[in-house]
Amino acid sequence: MNAPFYKFGLFGDEASLIIAFVIGIGFGFFLERAGFGSGRKLAAQFYFRDLSVLKVMFTAIITAMTGLYLLSRLGFVDLSLVYLVPTFVVPQIVGGLLLGIGFVIGGYCPGTSCVSSVTGSIDGMVYVAGMIVGLVGFAEVYPSMQSYVQMTPMGQITLARLFNLPYGLLVFAVVLMALAAFAAAEWAEKKVTGTSPDPKGSITGGPWRMTPVRILATGLAAAGFVALIAGDPYRGSRASIDTRDLAIRVGKGVDKVQATQLADWIIQGRNDFKLVDLRSEHDFDAYHIPTAQDLPLASLAPDFAAHNDRIILYSGDGTEAAQAWFLLEAQGFKNVYLLDGGLRAWQNIVLFPQKSAGTDPAVFAKQVEVAKYFGGAPREEGTSPAASVAVALPKLAAPAQPPVPAGNSSNTQPKKKKEGC
Amino acid sequence: MNNVEHSAKPYWNPYLSGFGLGLVLLASFVIMGRGLGASGAINAFVATAMHQLAPEHVEKSAYYAEYLGDGVHSPLKDWLVFEVLGVFVGGFLSGVLANRLKFRVEKGPRMTNPLRLLFAFIGGALMIIGARIALGCTSGQALTGGSLLNVGSWIFMMCVFGGAYAVAYFFRKQWI
């Protein structure tokens, strides 16, 4: 079995909406069960009276985190296909502070306000109205703050990748931190309210007996410990491939990107693909196609990109790229393409185009412009293609953000993904 | 005054409710490859409503353009919209089963109703703006991103708690 089911095409968009509804019912049900339809209970978190927000939230986080880790480690879920909201440091600091302040003033967060208003809380309904009016206002000022909202981007990145620590170690650390926070929360509640924690419902209070709460805490701690020693949850080097499907795709040539098309994409500033240079570091430093990252064949790890990222590979003559294409396909990457003809084609077609008898002058003028953009130049008429090898490559890659040539205007703003909350 | 009727059943234990919530989130990861959300649905709703009210204005707007889609499918035919509809239904079901349905205003004893409603309105507006800037709310960022070890979500979560504790003192009359 392969999960996430939706990403493996087990059902379509229509069915996903029914699933959304059912998952939502579960979400709303547990929020209400926990008492999160009450603004007073929620706000008590910030006066250390009742730390249910922290307890519910972190129990949910470590449950889902360890569960997902174990299912991925067992090979049931492909973790790279689970959507990560991209990180933008400054907007997320500012937005987080605003949410925190709004939480104390309003008493709810967007999810809990739904539960609150539907169970009859008038302040919850007014809160929802506030969200609607706030959003209408935000839409009006959005154009002037669009650039700030996309400040300090870090892409889709996990703490494991940021700190370069094993994923399992971080899972374990978060579980420990949450359990320590629960103990601290129970202690704080006791201090502030003066009542001892209910032995049945707490982790630390009362006589030491096994209760459902303690069984849960022990189970989560054990799952965290397994994560510590079980290693990386991303799918490893074992892979299976559908060779017939692969052969059909190779035969159709759907897996190739032309050099001129790649040039257009780079000029347009498109960032919905990863360009990977498979040559050695030395060759890469001498010249590489702008925006490319250097990733020699031997260092292709299964987690270097998400499995549904669009990846374009190239090498000198295309051999290494073709080998890497096969490796990545076998590892389950879905959108891997080869630069047709490799760096040699890039050189002959994009950097040093040659006018032949049948070329439309307008088309050629554009080719020359593209060539200049990338630091190349048109070749003299009549030069044989073989001679092009002798033509020196531009010294270094074109500047990272060169001006966009006329006639190639396109929006450079990355399209914001809608998948997040 | 006690806002909850005497016959209302007590809330569930927070750890056990959290475990249930975590399993729902895990199911969403496994089935859909994505987590939970809430604020995004309000967005789709507002974009649709505004499109009905002021079509020309909305079509020119840089903000709404992203949410109106291709013009063929309604923005309401969206995963998050259906999920949030479910949240309403699930919350209602739980409220009915626990005998907790009651018109009420949630506040501390020292707070007046009109002021509480004004604060609820302001809080709602502040939070949705924060959620748009941060690309998610407590559901989409804190819960979902938190369990995926997402860097931005952990930054966000620290700031939510930090911001709330920093101003809690000034709003204590509302709650305690």
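Look above for the structure.
The sections below set out a description of the structure shown in this document. (Residues numbered from 1 in each chain as written. Chains lettered and ligands numbered in written order. Predicted model: local features only at pLDDT ≥ 70, side-chain atom pairs only at ≥ 80, totals over all residues. Heavy atoms only, no water.)

## Section: the overall build of chain A
Okay, step 1: A tally of regular secondary structure across chain A gives 15 helices and 7 strands.
Okay, step 2: Within the span of chain A, comprising 421 residues, buried residues form 50% of the whole.
Okay, step 3: For chain A, long-range pairs separated by at least 24 residues make up 69% of all intrachain contacts whose partners lie at least 6 apart in sequence.
Okay, step 4: On chain A, roughly 19,000 Å² of surface is accessible, and the fraction owed to carbon and sulfur atoms is 62%. (Helix = DSSP H or I, 4+ residues; strand = E, 2+ residues; numbered from the N terminus. Buried < 20%, exposed > 50% of the residue type's maximum accessible area, 1.4 Å probe, protein only. Contact = heavy atoms within 4.5 Å. Areas by Shrake-Rupley, 256 points an atom, 1.4 Å probe, with all protein chains shown as cover.)

## Describing the overall build of chain B
Okay, step 1: Broken down by element type, chain B carries 9 helices and 0 strands.
Okay, step 2: Put simply, chain B runs from its N terminus to its C terminus through helices and strands in the order α-α-α-α-α-α-α-α-α.
Okay, step 3: Here the contacts in chain B between residues at least 6 apart in sequence split such that 61% fall between residues at least 24 apart.
Okay, step 4: For chain B, the exposed area adds up to about 7,100 Å²; of that, 70% sits on carbon and sulfur atoms.

## Some thoughts on unusual backbone geometry
Okay, step 1: With a phi angle near 40°, T152 of chain A is a residue other than glycine that sits in the positive phi range.
Okay, step 2: Relative to the elements of secondary structure, T152 of chain A occurs in the loop between α6 (122-149) and β2 (153-155).
Okay, step 3: Judged by relative accessible area, T152 of chain A falls into the partly exposed class, the value being 35%.
Okay, step 4: Of note in the backbone geometry, N99 of chain B takes a positive phi value of approximately 60° without being a glycine.
Okay, step 5: Relative to the elements of secondary structure, N99 of chain B occurs in the loop between α5 (79-97) and α6 (113-134).

## Describing the interface of chain A and chain B
Okay, step 1: Taken residue by residue, the interface counts 134 residues in chain A and 122 residues in chain B.
Okay, step 2: Between chain A and chain B lies a buried interface of about 11,800 Å² when both sides are counted; carbon and sulfur atoms form 76% of it.
Okay, step 3: Between the two partners, chain A and chain B, sit 3 salt bridges.
Okay, step 4: As a salt-bridge pair, K77 of chain B and E14 of chain A come within 2.9 Å of each other at their nearest N and O atoms.
Okay, step 5: Across the contact surface, chain A and chain B share 42 residue pairs in polar contact (both at pLDDT 80 or more).
Okay, step 6: Ranked by residues supplied to the side of chain A that touches chain B, first place goes to α6 of chain A with 21 residues.
Okay, step 7: Residue composition of the side of chain A that touches chain B, by class: 85 nonpolar, 34 polar and 15 charged. (Buried area = accessible area lost by both parts, 1.4 Å probe. Salt bridge = Lys/Arg side-chain N within 4 Å of Asp/Glu carboxyl O. Polar contact = N/O pair within 3.5 Å; in protein donor to acceptor, adjacent residues only side chain to side chain. Nonpolar A, V, L, I, M, F, W, Y, C, P; charged D, E, K, R; others polar.)

## Observations regarding the nonpolar core
Okay, step 1: In terms of nonpolar packing, the biggest core is built from 119 residues, with F58, V104 and F182 of chain A together with Y64 and L149 of chain B touching the most fellow members.
Okay, step 2: No other element matches helix α3 (residues 52-73) of chain A, which puts 12 residues into this core.
Okay, step 3: Grouped together as the second largest cluster of nonpolar side chains are 24 residues, W265, F273, V350 and V370 of chain A included. (Core = buried A, V, L, I, M, F, W, Y, C linked by side-chain atoms within 4.5 Å.)

## Thoughts on the packing of helix α1 (residues 14-32) of chain B against helix α7 (residues 138-147) of chain B
Residues and elements named next belong to chain B.
Okay, step 1: The geometry of α1 relative to α7 is characterised by a closest axis approach of 11 Å and an angle of 70° between their N-to-C directions. It follows that α1 is roughly perpendicular to α7 by the angle criterion. Packed against α1, whose contacting residues are L21, L25 and F29, the element α7 presents L143, T144 and S147 at the interface.
Okay, step 2: For the contact of α1 with α7, the residue count by class is 4 nonpolar, 2 polar and no charged. (Axes fitted to C-alpha atoms, helices over the stretch in contact; angles between N-to-C directions. Parallel < 35°, antiparallel > 145°, perpendicular 65-115°, else oblique.)

## Re the side chain of D309 of chain A
All names here are of chain A.
Okay, step 1: Locating D309 in the fold gives a position in the loop between β5 (293-294) and β6 (310-314).
Okay, step 2: D309 sits in the buried class, given a relative accessible area of 18%.
Okay, step 3: For D309, the side chain forms a polar contact with the side chain of K274, separated by 3.2 Å.
Okay, step 4: Those residues in contact with D309, other than ones at most four positions away along the chain, are K274 and N335.

## Section: helix α13 (residues 319-330) of chain A
Residue and element names in this part refer to chain A.
Okay, step 1: Taking 1.5 Å as the rise per residue, α13 with 12 residues should run 16 Å; its terminal C-alpha atoms sit 17 Å apart, in good agreement.
Okay, step 2: Of all the residues in α13, the buried ones are A321, A324, W325, L328, E329 and A330.
Okay, step 3: Count one or two residues on from α13 and you reach G332, which has phi positive near 95°. (Expected span 1.5 Å × (residues − 1).)

## Details of the environment of C137 of chain B
Okay, step 1: By the element assignment, C137 of chain B lies in the loop between α6 and α7.
Okay, step 2: Taking the C-alpha atoms as reference, C137 of chain B lies 9.5 Å from S153 of chain B; in sequence the two are 16 residues apart.

## Side note on the pairing of strand β7 (residues 335-339) of chain A
Residue and element names in this part refer to chain A.
Okay, step 1: The sheet contact formed by strand β3 (residues 256-257) and β7 spans 2 bridges and is parallel. Bridging from a neighbouring strand, V257 pairs with L339 of β7.
Okay, step 2: Note: β6 against β7, 4 bridges, orientation parallel. Each bridged residue has a counterpart across the sheet, and for I312 the counterpart in β7 is Y337.
Okay, step 3: Between the parallel elements β6 and β7, the chain passes through α13 in a crossover that is right-handed. (Pairing = 2+ DSSP bridges. Right-handed = clockwise from strand over helix to strand, strands pointing away.)

## Considering the sheet that holds β6 of chain A
Residue and element names in this part refer to chain A.
Okay, step 1: Strand order in this open sheet of 5 strands is β3-β7-β6-β4-β5, and the pairing throughout is parallel. Each having just a single partner strand, β3 and β5 make up the two edges of the open sheet.
Okay, step 2: Where strand β4 (residues 274-277) lies against β5, 2 bridges are found, and the strand directions are parallel. Residue V276 lies in a different strand from β5, and its bridge partner there is Q293.
Okay, step 3: α13 rests against β6 and β7 of the sheet, and its axis sits at about 175° to β7.

## Some words on the packing of aromatic side chains
When we look at a pair of aromatic rings, we describe it by the centre distance and by the angle of the planes.
Okay, step 1: Taken as a whole and judged by the stated rule, the model has 22 aromatic pairs over all chains.
Okay, step 2: Aromatic pair F29 of chain A and W12 of chain B: ring centres 6.0 Å apart, planes at 75°, arrangement edge-to-face. With F29 of chain A in helix α1 (residues 13-33) and W12 of chain B in the segment before α1, this pair bridges two chains.
Okay, step 3: Look at W265 of chain A and F273 of chain A: their rings are 5.6 Å apart centre to centre, the planes differ by 45°, and that puts the pair in the tilted class. This pair shows no difference in class: W265 of chain A is buried, exactly as F273 of chain A is.
Okay, step 4: Counting every residue linked through ring pairs, the aromatic cluster contains F46, F48 and F103 of chain A together with F161 and Y165 of chain B. (Phe/Tyr/Trp six-rings, centres within 6.5 Å; stacked < 30°, edge-to-face > 60°.)

## A look at helix α4 (residues 89-106) of chain A
Okay, step 1: Between its first and last C-alpha, α4 of chain A extends 25 Å over 18 residues, near the 26 Å set by a 1.5 Å rise per residue.
Okay, step 2: Of the residues making up α4 of chain A, those classed as buried are P91, Q92, G95, G96, L99, G100, G102, F103, V104, I105 and G106 of chain A.

## Considering a positive patch on the surface
Okay, step 1: On the surface, R40 and R49 of chain A together with R110, R172 and K173 of chain B cluster together into a patch of positive charge.
Okay, step 2: Among the secondary structure elements, R172 of chain B is positioned in helix α9 (residues 172-175).
Okay, step 3: Given a relative accessible area of 32%, R172 of chain B falls into the partly exposed group. (Patch = residues over 30% accessible without salt bridge, like charges linked within 9 Å, V, L, I, M, F, W, Y side chains within 5 Å. Lys, Arg positive; Asp, Glu negative; His and termini not counted. Charge placed at Lys NZ, Arg CZ, Asp CG, Glu CD.)

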